[in-house]
Structures are given as C-alpha cells and as structure tokens.
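Descriptive structure summary
Listed here are the chains, written in short residue letters.
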2 protein chains.
Amino acid sequence: MKRVRFKIEYDGTKFSGYQIQHNGRTVQEELEKALSKLHKGKPIKISASGRTDAGVHAKGQVIHFDTPLELAEFNWKSALSSLLPDDIQIAAVDEVDADFHSRYDAREKEYRYYVWNAQDPDFFRRHYTCHIRRALNIEAMRDACTLIEGEHDFTSFCSAKTNIKGSKVRTITEARIAASGSELVFIFKGTGFLYNMVRILVGTILEVGLEERSIDDIPRIIQKRDREAAGKTAPSRGLFLWKVDY
Amino acid sequence: MKRVRFKIEYDGTKFSGYQIQHNGRTVQEELEKALSKLHKGKPIKISASGRTDAGVHAKGQVIHFDTPLELAEFNWKSALSSLLPDDIQIAAVDEVDADFHSRYDAREKEYRYYVWNAQDPDFFRRHYTCHIRRALNIEAMRDACTLIEGEHDFTSFCSAKTNIKGSKVRTITEARIAASGSELVFIFKGTGFLYNMVRILVGTILEVGLEERSIDDIPRIIQKRDREAAGKTAPSRGLFLWKVDY
C-alpha cells in the first residue's frame, strides 16, 4: 500500500459542500465514487485538509488515501478525468509517507475571496465573484485587514453553528487586499480557520469599505467574542480554498 | 412606440443556440419571455444581429425591438435582471431610430475564440476555452491568419448544413492571434460570416499550429470551395460573439 496525495480543484457552484452528507451532492462522495471505480469496486476512504461549505470553490484542496495501485501522476489524472464529473479536477499527484495526514500535517492555509466592484456583474465569472455595486473604500478595508492579522480569539468571526468546543484562538499570518481594476482579492493566510471565518471576516471588512462601520469596530468586535457583533457572512461563491502548505 | 437596442451577454453553455427552435432552450425565447412579462403579457418580438450556435457565448450580441415603455438604461437592466435567467445579462441599452435594424445595419462583427494551450485545462474557465494539450506553433498560425485576411470565397469554411444559396464571398478585415501565457485568443473581424465559419477557420488554423498541415494548405483550401478540404470544426465553447459595430 502506498499513501497518495492529490491537489484538487473544484467548482463549488453545484455542490452541497465538500463533506459527505445525507442529502445533496458532495465533492468527497464524487471523489470516493470515482476512486472506488478505479479500484474495481473496492471502497476507498479519503481525508481532506478540511471541509468547504456549499458553493465554496477550491483551487488547492488537498486529500490523501491509501492505495495498492502504482500509477504515475499523468495516469492518475487521465484515469480519473473520465470517472469524475467536470466540476472536479485533479491538479497534482504525489506519493507521501505512510504517516502523512492532509489535515493534521497542514502548516498553513490560504483562502482567497473575489469581489467584483463595478456597476454590472462580471458576467462570465458570476459564480466565482461577489458583486458589489456601491463604491468601496479600499484604504479603510486595508487598515481593517491589518487589525485582523496576528493571534486573536476569533469567536466573533465564527458561525454560531460551529461544533468546536475548544479554543477559538487562531493566528492570521497575512490578511491583505490585492486590487486590479474592478477586481478585489482578499487574501488570508493562517494556521487555522473557524467555521465560516473567512466569509464573516470579508462580510465585516466590506461593511467597513461601504462605510457602514468604522475601522475602530474591528478591535471591538474581536474583544466581544460574540458572532452578533460582527458583520454579515459574505456569499460563498466568492470564496476559494487556495492553497494548503505542509 | 420607441425602438430600443440592447447589447447582451450570454453564457451559451446551457443554450441550444440563440434562435428559437422547437426543442431546447434558446436565448431568444428567454429574452422574449422576459420582455413579454415586462409588457404585461403583450408578446414582444426581438431581432438580433445574427444567430449563434449551441454552446457559443456572446459578450456583445445586439438585439432590437419596439416598445411603448419609456425606461432609463438602469431601469431596463434592473427590471429585466429579475425576469431573466442568470446566464443572460443586459450589458447596455439605448434608444435608436425607428428604422434601425440590428442585423441589416451591422457594419462589422468581431468574434473571439479562446484556446488554452497547457498540460491541464483552465479549470474555472472550462466552459469558455478550448483546451489543447499539444504544443502549438504560434508563428505558423499567425502566418495562416494573414492568408485568411481579405476578400475570399469562404465556401470551404462554411458548414455543409448552411441554407445560404447566394455568394459565399466575405471580407475578413482582421484575423490575428493574441497570446498571453497559456492563453491564445483568435480575433476575427469581418463584414459577414458564414455558418460555422469562425469555428472551421480556427479548427483549420489549429491543425497548422499542430503541424498536421502546412501553411500552403490555406490558399489551396480557399480555392477548392469545398467544406471537405478544410479542417475540423473547433468546439463551440471557445467561441464568443464579441462585438457588433454599426
């Protein structure tokens, strides 16, 4: 048996999220189904770096599983491309140590959130961007990002639906905004993220950008440790799990 | 009554083409249905600059129709955005003279064809690009484009399924390739295009790029006036009706 790691891309638009659930189409189920076919019906269980919600995309989700097959990267990709639906793609394949774990060994994760700030939506990227018509104060949002960076208790930026019982202290190593024309990309890197954390961070920072909130709100929200204190959860379609570092 | 002109964008992926037909979802039908609702059930007939095939996209299709309504551009857009499916968008609206015709008054049309030349597909643009894995000789394809420009009888580059009886002489005012990284954009401008003409041109030029054909084939194909002489029809998903000039 060998342990194999895949970097995968998926278009979250038509998925009820990454993780298998009773109702709805999931990325995990499609992957396990395809892998099982490739293994002549033998069930294959995969583990991912973490879940993503319904509608959230991945440019660099990482999964691993054990297999008796010995295939080169190109052969894994071509064998699976005919077994997978067109909204999942294997981007890279490598063999890892038998004790590698896609979730526990993840050192840092990067998420990106795409905002299209213009009168009309970016039509051909409508499933991959959040459209905001009103002008955004980018400098204010950049200042807000600076206040997010570092080690904080992010309880206020965690969905109340979480089932995490332990500490909600996390470290954001980088929070910044790349702007190019009408496109804004929010880039967040950190050692760990809570449920809906990036979307609540973006939703709150956008309220700063729309000047519905002042920058001073940010440290106040962090201190309150109360989801009600933060802004709205930004829509899932703008969010990408971009990269997982090991 | 006023005559109104719309510039529209659509994602051809889930359409059986622009023009209304017995089976299948069409852009024209969706537009007429939405406009009829806006006119309290009164049927509205629209005319377009031309048809597009199943799977072909539009960045700048132009239609016109007559209406008793007097709405500002923003109001047309917002009223229709809730009545149209999410794969059609009104990009611009203006009032035109009562004798304006979107098809007969078109002076020049521009089509663009997107090719993604890399090992793996451009996943998040998979519905909007044609993926070619093998290396392409761009210089040879650019030479082929030069031979396409000008006035020619394009019978060889017209689908045999056409119902045009008259002359197949057309003028291509510009044929060129813009390259940036793995993306190639074929740009064609002309006074008129035949059925499947851009896709057959691209399919044939790609065969030159793959060195399956020599450049000398191009004048020979034109001279033969026979669809069988030209290359394959490139897939519809890479093609955009980009712009119509009046």
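Reading the values: rules and limits
- Residues numbered from 1 in each chain as written.
- Chains lettered and ligands numbered in written order.
- Predicted model: local features only at pLDDT ≥ 70, side-chain atom pairs only at ≥ 80, totals over all residues.
- Heavy atoms only, no water.
- Helix = DSSP H or I, 4+ residues; strand = E, 2+ residues; numbered from the N terminus.
- Rg over C-alpha atoms; globule rule 2.2 N^0.38 Å.
- Buried < 20%, exposed > 50% of the residue type's maximum accessible area, 1.4 Å probe, protein only.
- Contact = heavy atoms within 4.5 Å.
- Areas by Shrake-Rupley, 256 points an atom, 1.4 Å probe, with all protein chains shown as cover.
- Lys, Arg positive; Asp, Glu negative; His and termini not counted.
- Charge placed at Lys NZ, Arg CZ, Asp CG, Glu CD.
- Expected span 1.5 Å × (residues − 1).
- Core = buried A, V, L, I, M, F, W, Y, C linked by side-chain atoms within 4.5 Å.
- Domains from an automatic or database assignment.
- Buried area = accessible area lost by both parts, 1.4 Å probe.
- Salt bridge = Lys/Arg side-chain N within 4 Å of Asp/Glu carboxyl O.
- Polar contact = N/O pair within 3.5 Å; in protein donor to acceptor, adjacent residues only side chain to side chain.
- Nonpolar A, V, L, I, M, F, W, Y, C, P; charged D, E, K, R; others polar.
- Least-squares fit on C-alpha atoms with pLDDT ≥ 70 in both.
- Axes fitted to C-alpha atoms, helices over the stretch in contact; angles between N-to-C directions.
- Parallel < 35°, antiparallel > 145°, perpendicular 65-115°, else oblique.
- Pairing = 2+ DSSP bridges.
- Left-handed = near helix turned anticlockwise from the far one by under 90°.

With that out of the way, let us pick up the overall build of chain A. The helix and strand inventory of chain A stands at five helices and ten strands. Taken against the 2.2 N^0.38 rule, which gives 18 Å for 246 residues, the C-alpha radius of gyration of chain A at 19 Å falls within 12% of a compact globule. Summarising its shape, the C-alpha atoms of chain A cover approximately 60 × 40 × 30 Å along the three principal directions. Among the 246 residues that make up chain A, the fraction classed as buried is 54%. In chain A, of all internal contacts separated by at least 6 residues, the share reaching a separation of at least 24 is 70%. Looking at chain A as shown, the accessible area adds up to about 11,500 Å², and 46% of this sits on carbon and sulfur atoms. Counting 38 positive and 35 negative side-chain charges, chain A places the centres of these two groups 4 Å from one another.

Moving on to helix α4 (residues 197–209) of chain B. Residues and elements named next belong to chain B. Given a rise of 1.5 Å per residue, 13 residues ought to cover 18 Å, and the 18 Å separating the end C-alpha atoms of α4 matches this to within 8%. Of all 13 residues that make up α4, 13 are buried, and the element is covered over most of its length. Just downstream of α4, Glu211 is the residue with a positive phi angle, here 60°.

Bringing the nonpolar core into the picture now. Phe6, Leu31, Phe157 and Phe186 of chain A are the most contacted members of the largest nonpolar core, which totals 65 residues. Here this core takes eight residues from helix α4 (residues 197–209) of chain A, the largest share from any one element. Both domains that meet at this core, namely domain 1 (2–96) and domain 2 (108–245) of chain A, each give it at least three residues. Not counting residues within four places of it along the chain, the set of residues in contact with Phe186 of chain A comprises Tyr111, Arg112, Tyr113, Val115, Met141, Arg176, Ile177, Val202, Ile205 and Leu206 of chain A. Counting residues in each nonpolar core, the second largest holds 64 residues, with Val62, Leu80, Val115 and Leu194 of chain B among its members.

What follows is about the interface of chain B and chain A. Counting residues at the interface gives 24 residues for chain B, matched by 24 residues for chain A. Buried area between chain B and chain A, both sides added, is near 1,800 Å², and the carbon and sulfur share of it is 53%. Area buried by chain B at its contact with chain A is led by Gln89, Phe123 and Phe124 of chain B, which between them contribute 37% of it. For the pair chain B and chain A, the number of links is six salt bridges. Across the salt bridge formed by Arg126 of chain A and Asp11 of chain B, the nearest N and O atoms sit 3.1 Å from each other. Taken together, the links from chain B to chain A amount to six residue pairs in polar contact (both at pLDDT 80 or more). Elements that contribute at least two residues to the side of chain B that touches chain A include exactly β1 (2–10), β3 (57–67), α2 (73–81) and β4 (88–96) of chain B. Counted by class, the side of chain B that touches chain A contains ten nonpolar, four polar and ten charged residues.

In this section: the relation of the copies chain B and chain A. Of the transformation placing chain B onto chain A, the axial shift is 0.0 Å and the rotation is 180°, giving an RMSD of 0.0 Å. Taken together, the turn and the small shift mark the pair as related by a two-fold rotation axis. Residues of chain B ranked by C-alpha distance from the rotation axis are headed by Arg125 of chain B, positioned 4.3 Å from it. Most of the interface of chain B is mirrored in chain A, where 100% of its interface residues are also at the interface.

Moving on, we get to the pattern of salt bridges. A pair can form between side chains of opposite charge whenever their charged atoms are brought close. Residue and element names in this part refer to chain A. Applying the stated criterion across every chain yields a total of 51 salt bridges over all chains. Across the salt bridge formed by Arg25 and Glu30, the nearest N and O atoms sit 3.2 Å from each other. For Glu30, a relative accessible area of 14% puts it in the buried group. Lys232 is the partner of Glu207 in a salt bridge, and the nearest nitrogen-oxygen pair spans 4.0 Å. A residue pair is termed long-range when its members are at least 10 positions apart, and Glu207 in helix α4 and Lys232 in the loop between α5 (217–224) and β10 (239–245) qualify at 25 residues. Among the residues examined, Glu207 registers a relative accessible area of 10% and is labelled buried. Within the structure, one salt-bridge network assembled from shared partners comprises Glu207, Arg213, Asp217, Arg220 and Lys232.

Let us now look at the packing of helix α1 (residues 27–38) of chain A against helix α2 (residues 73–81) of chain A. Residue and element names in this part refer to chain A. Remark: α1 packs on α2, axes separated minimally by 10 Å, with the N-to-C direction vectors making an angle of 110°. As the angle between them shows, α1 and α2 are arranged roughly perpendicular. Of the residues in α2, those in contact with Ala34, Leu35 and Leu38 of α1 are Trp76, Ala79 and Leu80. When the residues that make up the contact of α1 with α2 are grouped by side-chain class, the tally is six nonpolar, no polar and no charged.

Here the focus is the side chain of His64 of chain A. Residues and elements named next belong to chain A. Tracing the sequence through the fold places His64 in strand β3 (residues 57–67). Classification of His64 as buried rests on a relative accessible area of 5%. Within the structure, the side chain of His64 is placed 3.0 Å from the side chain of Ser102, a separation counted as a polar contact. Setting aside its immediate chain neighbours within four residues, His64 contacts Arg3, Val4, Arg5, Lys45, Ile46, Ser47, Phe100, His101 and Ser102.

For the rest of this paragraph, the subject is the pairing of strand β10 (residues 239–245) of chain B. Two faces make up the sheet, and in a regular strand the side chains alternate between them. All names here are of chain B. Counting buried residues along β10, five of its seven residues qualify, which places the element largely inside the surrounding structure. Here β3 pairs with β10 via two bridges, running parallel. Paired with Ala58 across the strands is Leu241, a residue of β10. Relative to β10, strand β5 (residues 108–117) is paired through six bridges, and the arrangement is antiparallel. Of the residues in β10, the one forming a bridge with Arg112 is Phe240.

Turning next to unusual backbone geometry. Peptide bonds are, in most cases, trans, and in most cases residues other than glycine have a negative phi. Look at Arg225 of chain A: it is not a glycine, yet its phi comes out positive at around 50°. At Glu211 of chain B, a position not held by glycine, the phi torsion is positive, near 60°. Structurally, Glu211 of chain B can be placed in the loop between α4 and α5 (217–224).

Before going further, it helps to spend a moment on the packing of helix α3 (residues 138–148) of chain B against α5 of chain B. Residues and elements named next belong to chain B. Contact pair α3 / α5: the axes reach a minimum separation of 9 Å and the direction vectors enclose 35°. The two elements α3 and α5 meet at a crossing, and its hand is right-handed. On α5, the residues that touch Ala144, Leu147 and Ile148 of α3 are Ile218, Pro219 and Ile222. Taken together, the residues of the contact of α3 with α5 break down into six nonpolar, no polar and no charged.

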